[in-house]
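Spelled out, the chains give:
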Amino acid sequence: MKTIYFVAGEASADNHGAALMRALRNADVDLRFIGRGGPQMKAVAGANFQDWIEKSGVLGLWEVIKHYGYFRKQFHETLHEIDSSKPTAVVLIDYPGFNLRLARTLSASAKAAADKPKIIYYISPQVWAWNRGRIKKMARWLDLMLCIFPFEADLYNESGLRTIFVGHPMIERLREHKIDIERDPNVIGLFPGSRAREIRKIFPILIETARELRQSKPNLRFEVAAASDELAQEMGKMLGDSLATPHLNPLPSSRGEGRVRGDFESEGSELRDRSGGFDIKVGQTAKIMQRAFVGIVASGSATLEAAYFRMPFALIYKVAWPTYFAGRLLVKVKYLGMPNVLADKEVVPEFIQHRAQPHNLASAVLRLLDDSMARQEMIWEFDKIGAQLGESGASDRAARAILAEIA
């Protein structure tokens, strides 16, 4: 039985890693999966797989520095696990800060070993945005790169790194979540991110933006996507504070979900604000993106999801100032959002750091609400962007490439 060691460090990578594992199992049942990732990967791999996503998925330079001791310990434990398990391949999924260093260390230590594992990178780190010079080094560390954007394959192959474009795994997942629903012209979708740190920076701005919008359009309602019950509760408390209801406290329910009292009512996995027009919904990102007339989306994989579902939106991004300044020094691309990177122009308005102000965001949303041509032009561009992401079946193509590599 061949063993594959996986490393994924964020929620989106856990989604893609689990889909890849299932595709590998369907193609070859005699595989053992070990490593570290999230709950979805663990569900496929079994008990010997570590779920470390809650601690590993930190955002920003300062957060990484604060948790340096933890990451150093995890790095050495990962090396020890790979050395002792002798896997046929190590599959690294995105997460470049950790995984590129791991690839370099594994490559250096395994050069003389007859049974060295194949080192395969799935979902290319976006070094083309911040350090293209690193690509030649990666060609020395990696045996195979599996990328999800077509322009990446040309870039990496030119450097000597054997690269296969497999398409974006997001497509197969999102296609399953397509529903037949009409957009509600009074619903604005708010997508403040999937990490607590993002929520604390971005959601207060979205609350103020919503207030400005309701001054112009009192009938507007706001559906907020939450990645977990815990984040929904945190956003509920932030909304409660903004509405000056200090008595808003989380209460444990008999089902262990958590309810909120004050101006909120709990309904399943939703928190509904009766006075401010907010519904916080857990696990309903795709539905909100297909129902909302316009959205505001935190920079990340959700921007491509919004483009796929053809929801006009504005992009918001805000981090700690040390992280922002470090990023300004490193990032070499004109745009932050992937829809804009793929289009090579600002299809979606970007409101980054000091520009992430409620008035700016409200103006952009009002334009998309009132100007039908602006909406349609953005949707047309989304269709062009979607065509670049490939057809459904990225996980199967990636699985076949990995099996061919370890045959």
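No experiment lies behind these values; they were computed from the predicted model shown. (Residues numbered from 1 in each chain as written. Predicted model: local features only at pLDDT ≥ 70, side-chain atom pairs only at ≥ 80, totals over all residues. Heavy atoms only, no water.)

K.L.:
Where do I start with a positive patch on the surface in this structure?
P.N.:
On the surface, R72, R101, R104, K137 and R140 cluster together into a patch of positive charge. Mapped onto the positive patch, the elements with two or more residues apiece are helix 6 (96-110) and helix 8 (134-141). In this fold, R140 is placed in helix 8. On the accessibility criterion, R140 (57% relative accessible area) is exposed. (Patch = residues over 30% accessible without salt bridge, like charges linked within 9 Å, V, L, I, M, F, W, Y side chains within 5 Å. Areas by Shrake-Rupley, 256 points an atom, 1.4 Å probe, with all protein chains shown as cover. Salt bridge = Lys/Arg side-chain N within 4 Å of Asp/Glu carboxyl O. Lys, Arg positive; Asp, Glu negative; His and termini not counted. Charge placed at Lys NZ, Arg CZ, Asp CG, Glu CD. Helix = DSSP H or I, 4+ residues; strand = E, 2+ residues; numbered from the N terminus. Buried < 20%, exposed > 50% of the residue type's maximum accessible area, 1.4 Å probe, protein only.)

K.L.:
What's the story with the packing of helix 1 (residues 11-27) against helix 19 (residues 394-406) in this structure? I'm lost.
P.N.:
To describe two helices that pack against each other, one gives the angle between their axes and the distance between the axes. It is the contact of helix 1 with helix 19, at a shortest axis distance of 8 Å, that shows an interaxial angle of 60 degrees. Taken together, the axes of helix 1 and helix 19 are oblique relative to one another. In this structure, the crossing between helix 1 and helix 19 has a hand that is right-handed. Judged by residue contacts, A19, L20, A23, L24 and A27 of helix 1 engage S395, D396, A398, A399, I402 and L403 from helix 19. Each residue belonging to the contact of helix 1 with helix 19 can be placed in one class, and the counts come to 9 nonpolar, 1 polar and 1 charged. (Axes fitted to C-alpha atoms, helices over the stretch in contact; angles between N-to-C directions. Parallel < 35°, antiparallel > 145°, perpendicular 65-115°, else oblique. Left-handed = near helix turned anticlockwise from the far one by under 90°. Contact = heavy atoms within 4.5 Å. Nonpolar A, V, L, I, M, F, W, Y, C, P; charged D, E, K, R; others polar.)

K.L.:
Honestly, the pairing of strand 14 (residues 278-282) in this entry has me stumped. Any pointers?
P.N.:
Both faces of the sheet carry side chains from a regular strand, because those side chains alternate between them. In terms of burial, strand 14 is largely enclosed, as 5 of its 5 residues are buried. Residues F278, I280 and V282 point to one face of strand 14 and D279 and K281 to the other, with burial holding for every one of them.

K.L.:
Looking at this structure, I do not really get the pattern of salt bridges. What am I missing?
P.N.:
Pairs can form between side chains of opposite charge whenever their charged atoms are close. Evaluation of the coordinates by the stated rule reveals 20 salt bridges. With a shortest N-O distance of 2.8 Å, R211 and E208 are connected by a salt bridge. Pair noted here: R211 and E208 are both in helix 11 (residues 196-216), with a separation of 3 residues, about one helical turn. Given a relative accessible area of 34%, E208 falls into the partly exposed group. Close ionic contact of R310 with D383 constitutes a salt bridge, the shortest N to O distance being 2.9 Å. With a gap of 73 residues between them, R310 in the loop between helix 14 (301-308) and strand 16 (313-317) and D383 in helix 18 (residues 372-388) connect regions that are remote in the sequence. Taking the relative accessible area as the measure of exposure, R310 reaches 37% and is therefore partly exposed. Salt bridges sharing common partners tie together D184, R221, E223, K281 and R291.

K.L.:
Help me understand the confidence of the model for the protein chain, please; the structure alone is not making it clear to me.
P.N.:
For any part of a model where pLDDT is low, the fine detail of the predicted coordinates should not be relied upon. Overall, the predicted model of the protein chain reaches an average pLDDT of 86, with 85% of residues at or above 70. Within the protein chain, the element-level pLDDT minimum falls on strand 10 (residues 250-251), averaging 36, and the maximum on strand 15 (residues 292-298), averaging 98. Across residues 244-264, confidence stays below pLDDT 50; counting only partners more than four residues off in sequence or on other chains, it has 46 contacts. (pLDDT = per-residue confidence, 0-100.)

K.L.:
Before we go on, may I ask you to explain the nonpolar core in this structure?
P.N.:
Soluble globular proteins tend to bury their nonpolar side chains together. Judged by nonpolar contacts, the single largest core of 98 residues is most densely connected at F6 and L24. Per-element accounting of this core gives the leading share, 8 residues, to helix 11. When neighbours within four sequence positions are excluded, F6 is seen to be in contact with L20, M21, L24, F33, I34, G35, R36, M41, F49, V91 and I93. (Core = buried A, V, L, I, M, F, W, Y, C linked by side-chain atoms within 4.5 Å.)

K.L.:
Mind showing me how you'd approach the sheet that holds strand 2 (residues 31-37) here?
P.N.:
Strand pairing in a sheet is mediated by backbone hydrogen bonds. Such pairs are either parallel or antiparallel. With parallel pairing, 7 strands are arranged side by side in an open sheet as 3-2-1-4-5-6-7. Two strands in the sheet have a free side with no partner beyond their single neighbour: strand 3 (49-51) and strand 7 (163-165). Taken pair by pair, the neighbouring strands of this sheet meet at an average axis angle of 20 degrees, ignoring direction. The pairing of strand 1 (residues 2-8) with strand 2 spans 6 bridges and is parallel. Bridge pairing in strand 2 places Y5 opposite I34. (Pairing = 2+ DSSP bridges.)

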